[in-house]
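A closer look at the structure
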Amino acid sequence: MGNDRASGRANGQWYPPEWPDRIRALADGTLTPVAPKRAATVMLLKDTGPGTDTAASTGPAVHMLRRRTSMAFAGGAYAYPGGGVDPRDDDRAIGWAGPTRAWWADRLGVDEAGAQAIVCAAVRETYEEAGVLLAGPTADSVVGDTTGADWEADRAALVDRELSFAEFLDRRGLVLRSDLLGAWARWITPEFESRRYDTWFFVAALPEGQRTRNASTEADRTVWITPSDAAAGYDRGELLMMPPTVAALRGLAACGTAAEALASASGRDMTPVLARARLSGDEVVLSWPGHDEFTKHVPSTAPAPATPSDPTGGAPA
């Protein structure tokens, strides 16, 4: 993965080999940054205990998926269910439970229409990629089994963007449960990346009666794994991840239960994190403000990184 002087060890940090050239082009003015697209991702949690597949570790387990190696962006990296915001969800009236749109706008640092679309994206992507739906027929309920053929047809229509999430909720007579989400962090893809996202990270507990499954065409496997175990796998260079993913794991590892993670979300700093890059001699120095562990000193002619092995110890969802 190149030299890592900040940590003194090799880890599983995702680092595309084309970055040094792109950073140099940005520095000399020959690369124009791409505008980031709005996105949302959800860290779905469940408590561990006797009789569960993660009982050997303490704290809640988090649902993670491994992106297919064929993916153009972060192929082979572990991540959480997530994806882009659908602008069709910005201002359509929908059933809504929990904090108001104005509250979410203030929390997420956007206007009310944008807040609705971002929260909709978080709930929609969790349904599309994990089969878990944070919505119910009333403001204090959630749906049960969503594995029937009619549900799957609607999920496929959402994935294909034939149906907006607002339309889906209206068709089903469902209320979006924004109170089941907690805003955790906000990261913006570096300016030198060809695919850029302004991503809001959320936490949510797996609703009672629902189960996760690998419903994503972008993932080749999913796992339930405790944040501490996942972070340890990253530290050993066994699990490939992007800095935002690892930073979230570090924070989650301090929470003893899913409820504790949700409760602590309200106090999290939502200031956007944007990487900074500079050229120093024959090295590229890449850093993320407030997250010194991810600082990289990489030769500007660094070879392509090897793909880490995959002994996660986590059980498939």
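In this report, we go over the structure that sits alongside the text. By convention here, each chain's residues receive numbers from 1 onward along its written sequence. Residues qualify for local features only when their pLDDT is at least 70, as the model is predicted, and side-chain atom pairs are given and counted only at 80 or more; totals for whole chains, interfaces and linings, by contrast, use all residues. Water and hydrogen atoms were dropped before computing side-chain values, which therefore reflect all heavy atoms in the structure.

1. Some remarks on the sheet that holds strand β13 (residues 283–288)
Two pairing modes exist for strands in a sheet, parallel and antiparallel, and in both the strands are linked by backbone hydrogen bonds. Applied cut-off: For two strands to count as paired, DSSP must find a minimum of two bridges between them. Labels follow the DSSP assignment, with helices taken as runs of H or I lasting at least four residues and strands as runs of E lasting at least two, numbered in each case from the N terminus. In this description, a line fitted to the C-alpha atoms serves as the axis of each element, helices being fitted only across the stretch in contact, and the angle between N-to-C directions of two axes falls anywhere from 0 to 180 degrees.
Spatially, the 3 strands line up as an open sheet ordered β12-β13-β14, and their pairing is antiparallel. Two strands lie at the open edges of the sheet, namely β12 (276–280) and β14 (291–299), each paired on one side alone. Across the sheet, the mean angle separating the axes of adjacent strands is 20° when strand polarity is ignored. One ladder, built from 5 bridges, connects β13 with β14; its direction is antiparallel. Counterpart to L286 in the pairing with β14 is K296.

2. Here's the deal with the packing of helix α3 (residues 112–130) against helix α4 (residues 149–159)
Worth spelling out the cut-off: Should an angle fall under 35 degrees it is called roughly parallel, over 145 degrees roughly antiparallel, and 65 to 115 degrees roughly perpendicular, with every other angle called oblique. In a left-handed crossing the near helix is turned counterclockwise from the far helix by less than a right angle, and in a right-handed crossing that turn is clockwise. Only heavy atoms enter the contact rule, under which two residues are in contact if any of them lie within 4.5 Å. Each residue is assigned to one class: nonpolar for Ala, Val, Leu, Ile, Met, Phe, Trp, Tyr, Cys and Pro, charged for Asp, Glu, Lys and Arg, and polar for all the others, Gly among them.
Between α3 and α4, the least distance of the axes is 10 Å, while the angle of their chain directions is 120°. When the axis of α3 is compared with that of α4, the two are oblique. Classified by chirality, the crossing of α4 by α3 is left-handed. Taking contact as the criterion, the partners of R124, Y127 and E128 in α3 are, on α4, W151, R155, L158 and V159. For the contact of α3 with α4, a count of residues per class yields 4 nonpolar, no polar and 3 charged.

3. Things to note about the nonpolar core
The condition that has to hold: In these notes, a set of buried Ala, Val, Leu, Ile, Met, Phe, Trp, Tyr and Cys residues joined through side-chain atoms within 4.5 Å is what counts as a nonpolar core. For every residue, the accessible area obtained with a 1.4 Å probe (protein chains only) is divided by the maximum for its type, and the residue is called buried under 20%, exposed over 50%, and partly exposed between those limits.
Of all hydrophobic cores here, the largest spans 44 residues; its most connected members are V62, M64, W184 and M241. Top element by residues in this core is helix α7 (residues 243–252). It accounts for 5 residues. Every residue in contact with M64, bar those within four places of it in the chain, is listed here: Y78, A79, Y80, R221, T222, V223, I225, A230, M241, T245 and L249. With 42 residues, the next largest nonpolar core counts W96, V123, A135 and W151 among its residues.

4. Observations regarding the environment of T100
Here is the rule we go by: Polar contacts, as counted here, are pairs of nitrogen or oxygen atoms within 3.5 Å of one another; within protein the pair requires one atom able to donate a hydrogen and one able to accept it, and residues that are adjacent in sequence qualify only if both atoms are side-chain atoms.
Relative to the helices and strands, T100 is located in the loop between β5 (95–97) and α2 (101–108). Residue T100 is classed as partly exposed on the basis of its relative accessible area of 47%. A C-alpha to C-alpha distance of 9.8 Å links T100 and A115, two positions 15 residues apart in sequence. Among the polar contacts listed, one links the side chain of T100 to the backbone nitrogen of W103, at a separation of 3.1 Å.

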